[in-house]
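# Topology and contacts: notes
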Amino acid sequence: MSLMLNGTGVSRGIAIGRVRLLHEIQPRVVASHIRPGELNQEIKRVTSAMHAVITELRELESKLKNKVPAEIMAFFDSHLLMLEDQTLSQPVIELIRKNQYVSEWALAVHRDNLVAMFANIEDPYLRQRAEDVENVIAKVLHELSGNKQSKAKPDDEYVVVTQNLAPADVIEHQHDGMRGLVCTHGGKMSHAAIVARSLRIPAITGAHPALDLLHEGDEVIVDGATGMVVASPDARSLEHYRRVQRSERKRTRELKALRDKPARTRDNVQIELLANVDTPADATEARRLGAEGIGLFRSEALYLNRDDLPDEREQLGIYRRLLRSMHGRPVTLRTMDIWPGMSHGLPQHLPVPEHPALGLRGIRLCLTHPEIFEPQLRAMLRASTTGPIRILLPMISNVTEVLAARTMIERIRRELIDSKRDVAPDIQVGVLIEVPAAALISRMFVPHVDFLAIGTNDLVQYTLAVDREDDEVQYLYDPLHPAVLQLISDVIATGKRADKPVILCGELASDPRVCRLLLGLGLRHLSVHPSSLLEVKDAILRTDISKIASRARKALGCESRGRMERLLDRLIDHD
Ligand code: PEP
Ligand code: MG
């Protein structure tokens, strides 16, 4: 008989395969002491296990380099950094030395201490580091037990069912034949989910009873869109899902053919379709998928996982790489949106904000600490000779901030010219509208900027007072809430009146149905994650704006989600 389980779909697609149960991501540890005289041997045992894991990760890293996206490789770096850092090994060695704990016990105690410490941290980014600690220590414990998780026979197509999976293990299992992933724990932003999305592995998290109800070798279907697992499916369900799977594969092939088509609507309106990227490697991927430029480069990645700040030279190198990979197309460089506590390179005396979302971050930090901001601006201005750059200022809430940033940019431009450095004459500067106050006064920015950008990820958070990282209130995080749509529509109208481009670069634009709605509201510049570029282009090519504009305006008056869904469906039906 079939069995159905529900979780959260975190990576779309259908997978069909046999269950592989991975119990005990954290191997069970028995509390025991070493015998007298075994101290040195025990310390050697734990350090050798750590080195073995480092070697294993390094080998995997070099095997996969250039085969998986850069943001995934970043997980390897953070795990390696953690393993090589003395703050991981020293307390473990101390516990062995002072308390005579066996290595396993010492590791488990240190892991629990670290996880408890991270759990008390407000900042969601740092809180996520607890997952890194658990992953890394689990690997060392497996190494110590000599009980590495068993591998599948090559050619097996299987679905991993487990508590949670470390990024490196997701990649390794995919190589070995994993077609789908079901985790009992984690959410949309857990590492396993991020990696699965990036590698297009259908995945579900939060399927709590999966480890108890599914058995090794069971046939299962994983629907990563709906979050459903069907175990021991009957012939009809199997046939149905195979059909869906085939049509999804066909769709992927069709989308590939759109790569070089201009993003023009049926009624001949040209849309600028750009990409949101975090690294130069993402930019290469975006270009490969036909992006017309970069609408958002999140420069934060440069400041993370390190104890110092990137200097002007290092940043210049990265910005130049980005520009070169885009071959003359525009690149929008967002100045850093970081805060003390998020980046360890920031001066230690800066207090960590109690509420980072509302604290000294983004442009606020940059303007109050010009010594941190200036190297970034100098690097951006110097990169302008390699290709067309646009500078984007995040977290703006008033005009004074824009004027101060512009004055600083102009001063640095003059200093560079005085010191015989080349700088392009026409660097565009824009504000990122992500605070409702900025949306409400967008008309006041217009005389001082060359373009406006809308960051819906934060605009939704601040408009609706819903923490974008807090699972408990995700049901309220509604990018189509009438208040959010009204603000977006007002900013688009402001740009139109002033004849200045408005680029929407939050995740909202990635949904093809919503993309149509936004086109109907007058949006002409979109920036989306590279993986959504072709879907969004397809939506643009199928849209006749003249036919949907009045319907799209009705969305501003939809007071319920149900009405909004019906309206979005009708926007698709127009063709
Ligand atoms: C946004 O807030 O929508 C945005 C584009 O920036 P980020 O997601 O990096 O906060
Ligand atoms: Mg933002």
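Residues numbered from 1 in each chain as written. Chains lettered and ligands numbered in written order. Predicted model: local features only at pLDDT ≥ 70, side-chain atom pairs only at ≥ 80, totals over all residues. Heavy atoms only, no water.

## Examining the overall build of the protein
The secondary structure content of the protein amounts to 22 helices and 16 strands. Taking 2.2 N^0.38 as the reference for a compact globule, 575 residues should give roughly 25 Å; the C-alpha atoms of the protein span a radius of gyration of 25 Å, in line with that estimate. Dimensions along the principal axes, computed over C-alpha positions, put the protein at roughly 80 × 65 × 40 Å. Put simply, of all contacts in the protein between residues at least 6 apart along the chain, 69% involve residues at least 24 apart. In the structure as shown, the protein presents an accessible area of about 26,100 Å², 51% of it carried by carbon and sulfur atoms. (Helix = DSSP H or I, 4+ residues; strand = E, 2+ residues; numbered from the N terminus. Rg over C-alpha atoms; globule rule 2.2 N^0.38 Å. Contact = heavy atoms within 4.5 Å. Areas by Shrake-Rupley, 256 points an atom, 1.4 Å probe, with all protein chains shown as cover.)

## Here we look at the site of ligand 1
L296, R298, R334, E434, G455, T456, N457, D458, R468, C505 and G506 make up every residue found near ligand 1. One nitrogen or oxygen atom from the side chain of R298 is found 2.6 Å from an oxygen atom belonging to ligand 1. Protein chains shield 94% of the accessible area of ligand 1, which is 280 Å² for the free molecule. For the shell around ligand 1, the elements supplying multiple residues, two or more each, are β10 (294–298) and α17 (456–464). The dominant element in the shell around ligand 1, judged by the number of residues it contributes, is α17, at 3 residues. Residue classes in the shell around ligand 1 are distributed as 2 nonpolar, 4 polar and 5 charged. (Near = heavy atom within 4 Å. Polar contact = N/O pair within 3.5 Å; in protein donor to acceptor, adjacent residues only side chain to side chain. Nonpolar A, V, L, I, M, F, W, Y, C, P; charged D, E, K, R; others polar.)

## Here's the deal with unusual backbone geometry
In this structure, N268 is a non-glycine residue whose phi angle is positive, near 70°. Mapped onto the fold, N268 is located in the loop between α9 (235–256) and β9 (272–277). For N268, a relative accessible area of 58% puts it in the exposed group. You will see that H327, though not glycine, has its phi angle at about 45°, which is positive. Assignment of secondary structure puts H327 in the loop between α11 (312–325) and β11 (331–334). (Buried < 20%, exposed > 50% of the residue type's maximum accessible area, 1.4 Å probe, protein only.)

## What about the domain arrangement of the protein?
As a measure of interface size, the accessible area lost when the parts come together is often cited. Its domain assignment divides the protein into domain 1 (3–25 + 150–246), domain 2 (39–145) and domain 3 (263–572). When each unit is reduced to the centre of its C-alpha atoms, the spacing between domain 1 and domain 3 is 34 Å. (Domains from an automatic or database assignment.)

## Some words on the pairing of strand β8 (residues 228–231)
Taken together, the 4 bridges between strand β1 (residues 3–6) and β8 define a ladder with antiparallel strand orientation. Bridge assignment links L5 to a residue of β8, and that residue is V229. In this structure, the hairpin formed by strand β7 (residues 219–223) and β8 is closed by a connection of 4 residues, where G227 is found at a positive phi of approximately 85°. (Pairing = 2+ DSSP bridges.)

## Some points on the coordination of the magnesium ion (ligand 2)
Under perfect tetrahedral coordination by four donors, a metal shows angles of 109.5 degrees; under perfect octahedral coordination by six donors, it shows angles of 90 or 180 degrees. The protein atoms donating to the magnesium ion (ligand 2) are E434 (OE) and D458 (OD), with metal-donor distances spanning 2.1 to 2.2 Å. Within this pair, whereas E434 is found in the loop between β13 (428–433) and α15 (436–440), its partner D458 is found in helix α17, the two being separated by 24 residues in sequence. Taken as a pair, E434 and D458 share a single burial class, namely buried. (Donors = N, O, S within 2.8 Å, 3.2 Å for Na, K, Ca; no water.)

## Regarding the sheet that holds strand β6 (residues 203–205)
Spatially, the 8 strands line up as an open sheet ordered β1-β8-β7-β3-β4-β5-β6-β2, and their pairing is mixed. Both edges of this open sheet fall to β1 and β2 (8–11), since each of them pairs with a single strand only. In this sheet, adjacent strand axes meet at a mean angle of 30° when their direction is disregarded. Pairing geometry for strand β5 (residues 178–183) and β6, over 2 bridges, is parallel. Within β6, the position partnered with V182 by the bridge is I204. Contacts from helix α6 (residues 167–176) reach β3 (14–22), β4 (158–162) and β5, with the element oriented near 140° to β5. (Axes fitted to C-alpha atoms, helices over the stretch in contact; angles between N-to-C directions.)

## Details of helix α7 (residues 191–198)
Here α7 has its buried residues at H191, A192, A193, V195 and A196. Backbone geometry just downstream of α7 places R200 in the positive-phi region, at approximately 60°.

## Quick notes on the pairing of strand β16 (residues 525–528)
Of the two faces of β16, the one holding H525 and S527 and the one holding L526 and V528 are both buried throughout. Summarising the sheet, β9 and β16 pair through 4 bridges and their orientation is parallel. Note that in β16 the partner of L273 across the bridge is L526. Pairing analysis gives 2 bridges linking strand β15 (residues 502–504) to β16, with the strands arranged parallel. Across the sheet, the residue bridging to I503 is H525, located in β16. Tracing the backbone out of β15, into helix α19 (residues 512–520) and back to the parallel element β16 gives a crossover that is right-handed. (Right-handed = clockwise from strand over helix to strand, strands pointing away.)

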